[in-house]
Amino acid sequence: MNISATTSKTKGRWQTLWSVAGPKLPYSPVMIGKDIIIAQISPQDLTKLKGAQASVTSIIAPSGSTVTHYPPRDQVESRHIMQIDIDACDEGDAKVLSQIITDRILTSMTLIGSGAQYYAELIKIKGEEDEFYKQHVEYISFSVLPDAEILEYNTIDHISKMMDLIEDNSAAENAYVHLNSAWKLKSIHGSKPLERSILQHYVLCVEVVVNEVMKKIRRLSSDRVCLEEQEFAQRFSEELPSCVDKPSAIRRASAALREISISNTISSIAMAAHEIGVSDEITELAKDLYKFRSRNLSHPGKARREDLNYWLASGPKFEEICLADRVARSFLVKYLDYKLKK
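Residues numbered from 1 in each chain as written. Predicted model: local features only at pLDDT ≥ 70, side-chain atom pairs only at ≥ 80, totals over all residues. Heavy atoms only, no water.

A.B. asks: Residue-level account of the environment of Lys-161, with values.
C.D. replies: Positionally, Lys-161 belongs in helix H3 (residues 153-168). The exposure class of Lys-161 is partly exposed, given its relative accessible area of 42%. When the C-alpha atoms of Lys-161 and Asp-337 are compared, they prove to be 9.5 Å apart, with 176 residues separating the residues in sequence. (Helix = DSSP H or I, 4+ residues; strand = E, 2+ residues; numbered from the N terminus. Buried < 20%, exposed > 50% of the residue type's maximum accessible area, 1.4 Å probe, protein only.)

A.B. asks: Run through the packing of aromatic side chains, naming residues and quoting values.
C.D. replies: One pass over the structure, following the stated rule, counts 1 aromatic pair. Ring centres 5.0 Å apart and planes at 85° place the aromatic pair Tyr-310 and Trp-311 in the edge-to-face group. Judged by its relative accessible area of 4%, Trp-311 is buried. Taking the ring centre of Tyr-133 as reference, the NZ or CZ of Lys-126 above it sits at 4.7 Å. (Phe/Tyr/Trp six-rings, centres within 6.5 Å; stacked < 30°, edge-to-face > 60°. Lys NZ or Arg CZ within 6 Å of the ring centre and 35° of its normal.)

A.B. asks: How would you summarise helix H9 (residues 280-297) if you had to cite specific residues and measurements?
C.D. replies: For H9, built from 18 residues, the straight-helix expectation of 26 Å at 1.5 Å per residue is met to within 8% by its first-to-last C-alpha distance of 25 Å. Buried within H9 we find Ile-282, Thr-283, Leu-285, Ala-286, Lys-287, Leu-289, Tyr-290, Phe-292, Arg-293, Asn-296 and Leu-297. (Expected span 1.5 Å × (residues − 1).)

A.B. asks: Any details on the pairing of strand S7 (residues 119-127)? Residues and values, ideally.
C.D. replies: Burial analysis of S7 places 8 of its 9 residues in the buried class, which makes it a mostly covered element. With 8 bridges joining them, strand S1 (residues 12-21) and S7 adopt antiparallel strand pairing. Along S7, the bridge assignment pairs Leu-17 with Lys-124. Pairing between S7 and strand S8 (residues 134-135): 2 bridges, direction antiparallel. Residue Ile-125 lies in a different strand from S8, and its bridge partner there is Lys-134. Counted between consecutive antiparallel strands, the loop separating S7 from S8 contains 6 residues. (Pairing = 2+ DSSP bridges.)

A.B. asks: So what's going on with the sheet that holds strand S2 (residues 30-31)? Residues and values would help.
C.D. replies: Read across the open sheet, the 6 strands follow the order S2-S3-S6-S1-S7-S8; overall the sheet is antiparallel. Each end of this open sheet is capped by a strand with a single partner; those strands are S2 and S8. Here helix H2 (residues 91-111) sits on the sheet and contacts S1, strand S3 (36-40), strand S6 (80-88), S7 and S8; the angle it forms with S6, its principal contact strand, is near 130°. (Contact = heavy atoms within 4.5 Å. Axes fitted to C-alpha atoms, helices over the stretch in contact; angles between N-to-C directions.)

A.B. asks: Hey, could you go over the side chain of Lys-287 for me, with residue numbers and the actual values?
C.D. replies: Mapped onto the fold, Lys-287 is located in helix H9. The contacts of Lys-287, once residues within four sequence positions are left out, are Ile-266, Ile-269 and Ala-270.

A.B. asks: Give me the lowdown on a negative patch on the surface, citing residues and values where you can.
C.D. replies: Taken together, the side chains of Asp-164, Glu-167, Asp-168 and Glu-173 make up a negatively charged region of the molecular surface. Considering the arrangement of structural elements, one finds Glu-167 in helix H3. We classify Glu-167 as exposed; its relative accessible area is 61%. (Patch = residues over 30% accessible without salt bridge, like charges linked within 9 Å, V, L, I, M, F, W, Y side chains within 5 Å. Areas by Shrake-Rupley, 256 points an atom, 1.4 Å probe, with all protein chains shown as cover. Salt bridge = Lys/Arg side-chain N within 4 Å of Asp/Glu carboxyl O. Lys, Arg positive; Asp, Glu negative; His and termini not counted. Charge placed at Lys NZ, Arg CZ, Asp CG, Glu CD.)

A.B. asks: Can you explain helix H11 (residues 323-340)? Please cite residues and give values.
C.D. replies: Taking 1.5 Å per residue as the helical rise, H11 with its 18 residues ought to reach 26 Å, and the 26 Å between its terminal C-alpha atoms agrees with that figure. Of all the residues in H11, the buried ones are Leu-323, Ala-324, Asp-325, Val-327, Ala-328, Phe-331, Leu-332, Tyr-335, Leu-336, Asp-337 and Tyr-338.

A.B. asks: So, unusual backbone geometry: which residues are in play, and what are the values?
C.D. replies: Outside of glycine, negative phi angles account for most residues, and trans bonds account for most peptide bonds. The backbone of Asp-35 sits at a positive phi, close to 65°, despite the residue not being glycine. When you line up the elements, Asp-35 lands in the loop between S2 and S3. In this structure Asp-35 comes out as partly exposed when scored by relative accessible area, which is 24%.

A.B. asks: Just give me the short version of the pattern of salt bridges, but keep the residues and values in it.
C.D. replies: Evaluated as defined, the whole model comprises 14 salt bridges. Ionic pairing is found between Asp-130 and Lys-134, a salt bridge with its closest N-O pair at 3.7 Å. Note that Glu-281 and Arg-326 form a salt bridge whose closest N and O atoms lie 3.3 Å from each other. A residue pair is termed long-range when its members are at least 10 positions apart, and Glu-281 in helix H9 and Arg-326 in helix H11 qualify at 45 residues. Salt bridges linked by common partners bring Glu-91, Lys-95, Asp-130 and Lys-134 together as one network.

A.B. asks: A description of the packing of helix H8 (residues 265-276) against H9 should follow, citing residues and the corresponding values.
C.D. replies: Contact geometry for H8 and H9: axes closest at 10 Å, N-to-C directions at 155°. Taken together, the axes of H8 and H9 lie roughly antiparallel to each other. The hand of the H8/H9 crossing is right-handed. Of the residues in H9, those in contact with Thr-265, Ile-266, Ile-269, Ala-270 and Ala-273 of H8 are Thr-283, Ala-286, Lys-287, Tyr-290 and Lys-291. (Parallel < 35°, antiparallel > 145°, perpendicular 65-115°, else oblique. Left-handed = near helix turned anticlockwise from the far one by under 90°.)

A.B. asks: Just give me the short version of a nonpolar patch on the surface, but keep the residues and values in it.
C.D. replies: The grouping of Leu-151, Ile-156 and Ile-159 at the surface amounts to a nonpolar patch, some 260 Å² of accessible area in total. Considering the arrangement of structural elements, one finds Leu-151 in the loop between S8 and H3.

A.B. asks: Could you give an account of the environment of Gly-33, naming the residues involved and the relevant values?
C.D. replies: Counting through the fold element by element, Gly-33 comes out in the loop between S2 and S3. Between the C-alpha atom of Gly-33 and that of Ile-105, which follows or precedes it by 72 residues, the distance is 9.3 Å.

A.B. asks: Explain the environment of Met-31 residue by residue, including any values.
C.D. replies: Position of Met-31 among the secondary structure elements: in strand S2. Along the backbone, Met-31 and Met-82 are 51 residues apart, and their C-alpha atoms lie at a distance of 9.6 Å.

A.B. asks: Help me get a handle on the nonpolar core, residues and values and all.
C.D. replies: Leu-199, Tyr-202, Ile-276, Trp-311, Phe-331 and Tyr-335 are the most contacted members of the largest nonpolar core, which has 46 residues in total. Only H3, helix H4 (170-186), helix H5 (195-220), H8, H9, helix H10 (305-312) and H11 provide two or more residues apiece to this core. The element contributing the most residues to this core is H5, with 12 residues. Apart from residues no more than four positions distant in its own chain, Tyr-202 is found in contact with Leu-179, Ala-182, Trp-183, Lys-186, Leu-312, Cys-322, Ala-324, Asp-325 and Ala-328. Counting residues in each nonpolar core, the second largest holds 20 residues, with Val-20, Ile-36, Ile-84 and Met-109 among its members. (Core = buried A, V, L, I, M, F, W, Y, C linked by side-chain atoms within 4.5 Å.)

In short, shape yes, function no, at least from these values alone.
Spelled out as structure tokens, the structure:
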């Protein structure tokens, strides 16, 4: 496992203990890669480890293994322990790096198995200068909210109308579902593995609004579009025989036809945003967000950490939401107001 700390601090040796449960586990200690051991422990050692853990609902399991789900984590009680030794800068770094290794191990074990999933929970950790293992504690996150201001009657009325529209309008409901999904995923403590999904939901919220608004624009522009397509096709058929690079000419023509037929997504974002009253600033951000999704999230690959942070990092104050959230909620709010004015 080529896992290393990402900082220049002095590294030390750390040992992490994980409780592991799954369909197939070894009876004798085995090495899973370098510095990783899975072994069955004695009933006495199992009692010691369990005694330090938080209590859970009492369940009698024939296998001696149980998994209690506390999303986004699992509490695992098992007769098998996995020890991962790792070089890390501090305890927090050791936890993060050992989690990366554990996720890869569990995925590999699941993929070659019967399909049943494996589970693991970090329960103990010890540094090279520590005499005893320390019990791992799963931290929770919390937000300090400002004092509530008075909710005015006209705002309440607006909220009620929006709520009814979300229920009655399929596009509004669909966009709401994507925005709400992004909020739910983003609120999960330790949600970094979900960042790509969070951004996808924000973009899909915008796309639902754009596609719905563009139906009307395309319908009203159908005669003009048809005429321009015919004129372009006539010109292209006359010019193509003299083109040296015909494949390139055809690709350019295809792009031009998408522009004429208002099928280009970037152009559609701008037109839909103008129609429902989205600001120029948010419109440009929406274009950039769509481009980022298309280039980094819609195909296999790895988005850069700084790019993900640009779209998903929130400000220090409660009201300072991330850029992707600003874009998505702006499009949904403007769409709802647009429909309510009709």
